[in-house]
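# Structure assessment
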Amino acid sequence: MAKKLRPKNKPGKIKGKKPKRRVSLLSISRRPPKKAVPSVKKPVKKRPVKKPKSLPNKKKPAFQKPAAHKTSRKKPDVLIAKKPKNIPKTITVKPDTTFIDTEKLPALYNSTDVTLMVRDPYWIHAYWETTPASVLEVKKKLGVTAFKKSAYTLRVHDISATQSKGENARTSFDIDVDPKARNWYINLWRDNVTYYADFGVRTQKGAFYPLARSNTVTLPRAATAPGKPDAIWMRVKGKGECSIVNVAEIKPFTAALRPVPDADSGTEKALLQRLPKLPMDHEFAPSDSGLCKDMTGFFGSNQFEQTPASGGSSAYPW
Amino acid sequence: MVKGYLCLFLHAHLPFVRHPEQEHFLEENWLYEAITETYIPLLNVFERLSSDRVPFHITMSLTPTLVSMLKDELLQVRYVRYLDRLIELSEKEIFRTRFQPKYRGLALMYNRVLAETKKNFVSVYKKDIVAAFKDFQDKGRLEIVASCATHGFLPNLGINPASAKAQIRIGVDYYKNIFGRKPMGFWLPECGYCPGIDEILKEEGIRYFFVDSHGILNADPKPKYSVYAPVYCPTGVAAFGRDWESSKQVWSSKEGYPGDPDYREYYRDIGFELDYDYIRPYIHKDGFRINTGLKYWRITGNTEHKEHYRPDRARAKAALHADNFIRNRQKQIDGLSTTMDRRPIVVAPYDAELFGHWWFEGPQWIEFLVRKIAAGKDALGLITPSDYLAKYPVNQVCTPSMSSWGYKGYSEHWLDGSNDWLYRHLHHAIENMVEMARANAALLGKKPSRGGRDRGRDLLARALHQAARELLLAESSDWPFILKTGTMAPYAKKRIATHIGRFTKLFDDIRNNTINEPWLKEVELRDTIFAAMPCARYYLPEEKKKRMKAEG
């Protein structure tokens, strides 16, 4: 109905019968596409309502209450059209135009991919999609019978150690997934690890035909990190811009900080005043006053108490 | 002498809910209720404190979604309509309760408060609450931090860094537009942090952000001062850790203050309690009962039977609880100050809507807290994070651990069986958005043609920007959150489907060059968030954006 009306209206009807009416699309669209009757009523109601809205701005607030009161009870809603700044306020349309929102999520994206997401230190969520073509390719390679016997598999690679120990440190494990599944939660036994996964088909003999490779994820720690004796301290200056000064590079001072009883002991001034007195090199021995303890004492375990490193192996003195 | 500091942080956020297509929309009430019960009461507290010259250094975030709703004319008008109806109801209530002295006082109270709220909203704030908050910031009493564009949960979105970047950059730029200054701090939605986000923040000139306790406790290397001093990420952005003791005292529904028997009961509302015929005009248009905001009962205890609410007793309790809170912080600080070389900071972030909306006496509690701290000359002082950083610019360098303040501390609340399906769509949409923006990079760099001469080009640019807006709206962490909690889940589902659907249609239309202008216009009128911002540009790679800036 609506579609047919439009082209007809354009040349003849509107010009002949009525002048083009500026009507808010919004007020129209919420109306179900029933009949022409209600939609004609709409603009008529709209005008008296628009006025009260401008009233309170001009007049004193005393007048406002009754005006707003009435507005709200009758038909206040058409004020909508006044809103936007950048966008055109109203558009000229036929009252029977309806706005169509599909509200449909695409079922498939026609791509072969797999994505990993971190849920917590011991769980990864994986989701994937395959196209029939990519599966068919593997099928051709394997043959139908072999394909039937093989399983869809997530091969999860642990690459946490590869950076330091080289490619040989890579380990992996397989998870056979349901052919119909499109996502999987993977339970892990270690935190603080870096993984990526391949989604593919594994034959009975153990050959793996990958279909897609995922992103890389790093799981968070489940517990506190080992305290490093060489804490790095940094100063960030400025109000708006940050200019970074790495204090550790200039003077290592942290372990020597002694809380002084006066209130300003912690301020930057006091810190900096004490800095030059500190020895610069590796012979420096931290104070044994015990006042500047690691905070671990507060939380039960004291196993990472800071101890000075004996040699000069560390970049920092202790 | 101040021995340590308390940083009180209020995170004000609501998802973008604006439905011009329907005259009455239930979910819009979230905003109206929050204005009546939280935002205006908070402003009243600030107003009273500053007129009494009580120094308060409170930190707040107003998320872009909330700000754009508060700035929206349609919603402002509808809010006045909402208030009018409530005032009318409270007037009826005064009459109805004329022979029930217990309730009549309460009806009178509600009537007075609502009338004052309306007066404040319309005549004092001129319907613009954001400007009122901005005013306090300009006076140096309040610090407002920026937040993500649409409250996207960054650890889940960060799979594609472009979307995390867009969320943060749009948030920062929107903040600049609204508050007329650069933000110092940033609130990561749901405290969701994962390493790498600080780099984006650094690029935007942010000085600090907040993480949950275990984000700091599990940082690498282990921080010396736990959560009681900020740490710097390697990029130089400071991370403040949430203190768990203070949060538990307020948050916990069992041990926390809000569960006290003298406080007002949230779950008993006259919208559900009174005669259907009587209350009918003030509940949902379709006839089902909803909260009206008029509640006459106190928590009483773990019983079905509820006693009537006594505002005087509740107020006394709020004062008592403020005292208790201060005393506990002092104990905490006393313990800490012997082991630290600086004054510790206790960071206590809360959802702003907790105060007033859930915990009716919350704003009073804040007022008592601030006044008592100011008057006490105790070991406790209020401070904002940027003041603290100015005092102590030297901090340890650590990489905070991935964390959030949600259930179990990680992503589980936003990634489980009830909501994991949506990420497939989000990630694909993000990919498509980036691809689309790159393909049209040259066009996005240009301004709209003069006088709209080049219609095709303008239309394409509009479609691109609107597609970005739809994507942003779909990214909001509120939808998976609602899906997980189960209440109003169909609405969240519908919103995701709507925005992804609109995005997909725009994406297809742009690709096939079949943009339907009336349809686009309608979408623009509905999803007005960031209407003035060229959202698609934020999905361009950094160099291109910079070059564009240089070219003007």
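As the structure is a computational prediction, the values presented were derived from the model and not from experiment. The residue numbering used here restarts from 1 in each chain and proceeds along that chain's sequence as written. By the order in which they are written, chains take letters starting at A while ligands take numbers starting at 1. Totals for whole chains, interfaces and linings use all residues, but because this is a predicted model, local features are given only for residues with pLDDT of at least 70 and pairs of side-chain atoms are given and counted only at 80 or more.

This part takes up the overall build of chain B. Per the secondary structure count, chain B includes 22 helices and ten strands. With the radius of gyration taken over C-alpha atoms, the globule rule is written as 2.2 Å times the number of residues to the power 0.38. By the compact-globule yardstick of 24 Å for 552 residues, chain B fits well, its C-alpha radius of gyration being 24 Å. Put simply, a residue is buried when 20 or more other C-beta atoms lie within 10 Å of its own C-beta and exposed when 12 or fewer do; between those, it is partly exposed, and each C-beta is set from the backbone. Within chain B, buried positions represent 56% of all 552 residues. Here the contacts in chain B between residues at least 6 apart in sequence split such that 77% fall between residues at least 24 apart. Here a strand is any run of E in DSSP of at least two residues, a helix any run of H or I of at least four, and the numbering for each starts at the N terminus. The contact criterion used here is simple: two residues whose C-beta atoms, placed from the backbone, lie within 7 Å are in contact.

Bringing the overall build of chain A into the picture now. From N to C terminus, chain A includes nine helices and ten strands. Taking all 318 residues of chain A together, 21% fall into the buried category. Expressed as a percentage of contacts within chain A between residues at least 6 apart in sequence, the contacts between residues at least 24 apart total 62%.

Here we take up the environment of Gly192 of chain B. All names here are of chain B. For Gly192, the position within the fold is in the loop between β4 (185–187) and α8 (197–203). Note: C-alpha distance between Gly192 and Gly406 (214 residues apart in sequence) is 8.5 Å. Discounting chain neighbours no more than four positions away, the residues touching Gly192 are Phe153, Leu154, Pro155 and Ser404.

So, about the domain arrangement of chain B. All names here are of chain B. Boundaries of every domain are those given by an automatic assignment or by a domain database. The domains assigned to chain B are domain 1 (4–71 + 128–264 + 309–409) and domain 2 (416–551). On a C-alpha basis, the centroid separation for the pair domain 1 and domain 2 is 29 Å. With 27 residues of domain 1 at the interface, the matching set in domain 2 holds 21 residues. A total of eight residues in the side of domain 1 that touches domain 2 trace back to one element, the largest contributor, which is helix α7 (residues 161–179). Residue composition of the side of domain 1 that touches domain 2, by class: twelve nonpolar, nine polar and six charged. Gly is put with the polar residues, along with every residue not named as nonpolar or charged; the nonpolar set is Ala, Val, Leu, Ile, Met, Phe, Trp, Tyr, Cys and Pro, and the charged set is Asp, Glu, Lys and Arg.

All names here are of chain A. The criterion for strand pairing is that DSSP finds at least two bridges linking the strands in question. Across the sheet, three strands lie side by side as β1-β2-β5; this open sheet has antiparallel pairing. Two strands in the sheet have a free side with no partner beyond their single neighbour: β1 (113–120) and β5 (183–187). Shown here is a sheet whose adjacent strand axes are inclined to one another by a mean of 20 degrees, direction ignored. In terms of strand pairing, strand β2 (residues 123–129) meets β5 through five bridges, oriented antiparallel. Lines fitted to the C-alpha atoms define the axes, with helices restricted to the stretch that makes contact. Angles between their N-to-C directions range from 0 to 180 degrees.

Residue and element names in this part refer to chain B. At a closest axis distance of 11 Å, the pairing of helix α1 (residues 29–51) and helix α5 (residues 129–138) adopts a crossing angle of 30 degrees. In terms of orientation, α1 lies roughly parallel with respect to α5. In the crossing of α1 with α5, the sense of the turn from one axis to the other is left-handed. Contacts between α1 and α5 involve Ile35, Tyr39, Leu43 and Phe46 from the first element and Ile129, Ala132 and Phe136 from the second. Considered class by class, the residues forming the contact of α1 with α5 number seven nonpolar, no polar and no charged. Reported orientations rely on four angle classes, namely roughly parallel under 35 degrees, roughly antiparallel over 145, roughly perpendicular from 65 to 115, and oblique for the rest. Crossing handedness is defined as follows: a turn of the near helix away from the far one that is anticlockwise and smaller than a right angle gives a left-handed crossing, while the clockwise case is right-handed.

Attention shifts here to helix α20 (residues 489–512) of chain B. Owing to its 3.6 residues per turn, the α-helix aligns residues three or four sequence positions apart on the same side. Expected span of a helix, by definition, is 1.5 Å for each gap between consecutive residues, and there is one gap fewer than residues. Counted at 1.5 Å a residue, the expected span for α20 of chain B with its 24 residues is 34 Å, and the 34 Å between its end C-alpha atoms agrees. Among the residues trailing α20 of chain B, Asn513 of chain B stands out with phi positive, at a value near 55 degrees.

So, on to the packing of helix α16 (residues 421–439) of chain B against α20 of chain B. Angle between the axes and distance between the axes are the two parameters that describe a pair of packed helices. All names here are of chain B. Relative orientation of the contacting elements α16 and α20 amounts to 30 degrees, with a least axis distance of 11 Å. When the axes of α16 and α20 are compared, the pair comes out roughly parallel. The crossing of α16 and α20 is left-handed. Note on element contacts: α20 touches α16 through Ile496, Ile500, Phe503, Phe507 and Ile510, opposite Leu422, His425, Ala429, Asn432 and Met436. A per-class count over the contact of α16 with α20 returns eight nonpolar, two polar and no charged.

Quick look at α1 of chain B now. All names here are of chain B. The first and last C-alpha atoms of α1 sit 31 Å apart over 23 residues, in line with the 33 Å expected at 1.5 Å per residue. At Ile35, α1 is deflected by roughly 45 degrees, the largest bend along its length. Just downstream of α1, Arg53 is the residue with a positive phi angle, here 55 degrees. What we call the bend at a residue is the angle made by axes fitted to the seven residues finishing there and the seven residues starting there.

Residue and element names in this part refer to chain B. The term nonpolar core means buried Ala, Val, Leu, Ile, Met, Phe, Trp, Tyr and Cys residues held together as one set by C-beta atoms within 7 Å. Ranked by internal contacts, the top residues of the largest apolar core, which has 192 residues, are Cys7 and Ala467. Among the elements that make up this core, the one with the highest residue count is α1 (ten residues). If we ignore the near neighbours within four places in the chain, the residues touching Ala467 are Met433, Met436, Phe503, Leu506, Phe507 and Ala536.

Residue and element names in this part refer to chain A. Relative to strand β6 (residues 194–202), strand β3 (residues 151–158) runs antiparallel, the two sharing eight bridges. Opposite Asp158, over in β6, you have Tyr195 as the bridge partner. By the bridge criterion, six bridges tie β3 to strand β4 (residues 171–176) in an arrangement that is antiparallel. Across the sheet, residue His157 finds its bridge partner in β4, namely Ser172.

Right, let's talk about the confidence of the model for chain A for a bit. Residues and elements named next belong to chain A. Think of pLDDT as the predictor's per-residue confidence, scored from 0 to 100. For chain A, the mean per-residue pLDDT works out to 61, and 43% of the residues sit at or above 70. Below pLDDT 50 for its whole length, residues 1–96 participates in 121 contacts with residues either more than four positions away or in separate chains. For residues 248–318, every residue scores under 50 in pLDDT, and the model assigns this stretch 87 contacts once sequence neighbours within four places are set aside.

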